[in-house]
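# Architecture and fold: a report
Chain residues, written in single-letter form:
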Amino acid sequence: MTEFPDLKPDCSSCAALCCVVFAFDQSESFAIDKEAGEVCPNLSKSGQCNVFDQRSELGFKGCITYTCHGAGQRVTQELFQGRSWRDDEALTHRMGEALSVLRRVHEHLAILDAASSLPLSDDHLLGLSHLTSELLPADGWSEESLAAFPIDEMVSRVSTFLKSLRSYV
Ligand code: SF4
């Protein structure tokens, strides 16, 4: 059976992807506008957030509520062998593309993992197993397989599956 990845963020093994690859719109959650691929001005050269303890007061609540579900470290270490957009600017877009899909993959693995604790029927267990195995390909993920993965369709299938579990809750 394919090993389940860590679904908890490990920022120490990530290249601060969430502080770079995504865009922010100035709002209640973010104090500034930031383009996708632009380095947040609060990110230090060593990869630490300079305002980590004051994010809420300074208007960066969105950084506190965001989670990559462990996808950031996996993109950095597994897909890019520990390299960073700091070493090669061209990686920013590629890492961002990979993270945007793998984050949703991990989010839905976490949902299915939570559902697995319900007293499911054999049919439901089988359905859960099929969905989980599609999110955990035996050979792991690559940039190419993530780019080709029909994530929107998978999200819709997981949603339909979860609706079928209503009688358990
Ligand atoms: S405020 Fe800090 S945590 Fe939020 S994106 Fe900027 S550097 Fe990252």
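Scroll up for the structure.
An account of the accompanying structure is given in this report.

Here the focus is the overall build of the chain. When helices and strands are tallied, the chain shows six helices and zero strands. The dimensions of the chain, computed from C-alpha atoms along their principal axes, are 50 × 35 × 25 Å. Among the 169 residues that make up the chain, the fraction classed as buried is 37%. When the accessible surface of the chain is summed, it comes to about 9800 Å², and 52% of that surface belongs to carbon and sulfur atoms.

Let us look at the side chain of T76. Along the polypeptide, T76 turns up in helix α2 (residues 71-79). Its relative accessible area of 2% is what places T76 among the buried residues. Setting aside residues no more than four positions away along its own chain, T76 makes contact with S13, C14, A15, L17, Q81, G82, R83 and M95.

Our focus in this paragraph is the side chain of S44. Of note, S44 is situated in the segment before α1 (61-65). Overall, S44 belongs to the buried group, its relative accessible area being 13%. Those residues within four positions of S44 in sequence are excluded, and the remaining contacts are N50 and R86.

Working definition: two side chains of opposite charge can pair if their charged atoms are close together. Scanning the entire structure with this criterion turns up five salt bridges. Notably, a salt bridge pairs R104 with D152, separated by 2.9 Å at the nearest N-O pair. With R104 in helix α3 (residues 91-115) and D152 in helix α6 (residues 151-163), the pair connects residues that are 48 residues apart, well separated along the chain. For D152, a relative accessible area of 51% puts it in the exposed group. Close ionic contact of R157 with E134 constitutes a salt bridge, the shortest N to O distance being 2.6 Å.

Glancing now at the site of the ligand. The local shell around the ligand consists of C19, F24, C40, N42, L43, C49, R55, F60 and C63. Across the shell around the ligand, the residue classes tally to seven nonpolar, one polar and one charged.

Right, let's talk about α2 for a bit. When you tally the buried positions in α2, you get seven out of nine residues, the bulk of the element. Those residues of α2 that fall on the buried side of the exposure criterion are A71, G72, Q73, R74, V75, T76 and L79. Residues of α2 that are buried sit in contact with α3 and α5 (143-148). Positive phi shows up at Q81, right after α2, with a value of about 50 degrees.

On to the packing of α3 against helix α4 (residues 122-135). The contact between α3 and α4 brings their axes to 10 Å, and the two run at 155 degrees. Looking at the two axes, α3 sits roughly antiparallel to α4. Pair α3 / α4 crosses with left-handed handedness. Contact residues: α3 offers V105, H108, L109, L112 and A115, while α4 offers L128, L131, T132 and L135. Among the residues making up the contact of α3 with α4, the classes are represented as seven nonpolar, two polar and no charged.

It is worth spelling out the nonpolar core at this point. Within the largest apolar cluster, 36 residues are counted, with the highest numbers of intra-cluster contacts made by L17, V75, M95 and V105. Contributing elements (two or more residues each) for this core: α2, α3, α4 and α6. Top element by residues in this core is α3. It accounts for 10 residues. Filtering out sequence-adjacent residues up to four positions away, V105 remains in contact with L135, W141, F149 and I151.

Analysis parameters
Residues numbered from 1 in each chain as written. Predicted model: local features only at pLDDT ≥ 70, side-chain atom pairs only at ≥ 80, totals over all residues. Heavy atoms only, no water. Helix = DSSP H or I, 4+ residues; strand = E, 2+ residues; numbered from the N terminus. Buried < 20%, exposed > 50% of the residue type's maximum accessible area, 1.4 Å probe, protein only. Areas by Shrake-Rupley, 256 points an atom, 1.4 Å probe, with all protein chains shown as cover. Contact = heavy atoms within 4.5 Å. Salt bridge = Lys/Arg side-chain N within 4 Å of Asp/Glu carboxyl O. Near = heavy atom within 4 Å. Nonpolar A, V, L, I, M, F, W, Y, C, P; charged D, E, K, R; others polar. Axes fitted to C-alpha atoms, helices over the stretch in contact; angles between N-to-C directions. Parallel < 35°, antiparallel > 145°, perpendicular 65-115°, else oblique. Left-handed = near helix turned anticlockwise from the far one by under 90°. Core = buried A, V, L, I, M, F, W, Y, C linked by side-chain atoms within 4.5 Å.

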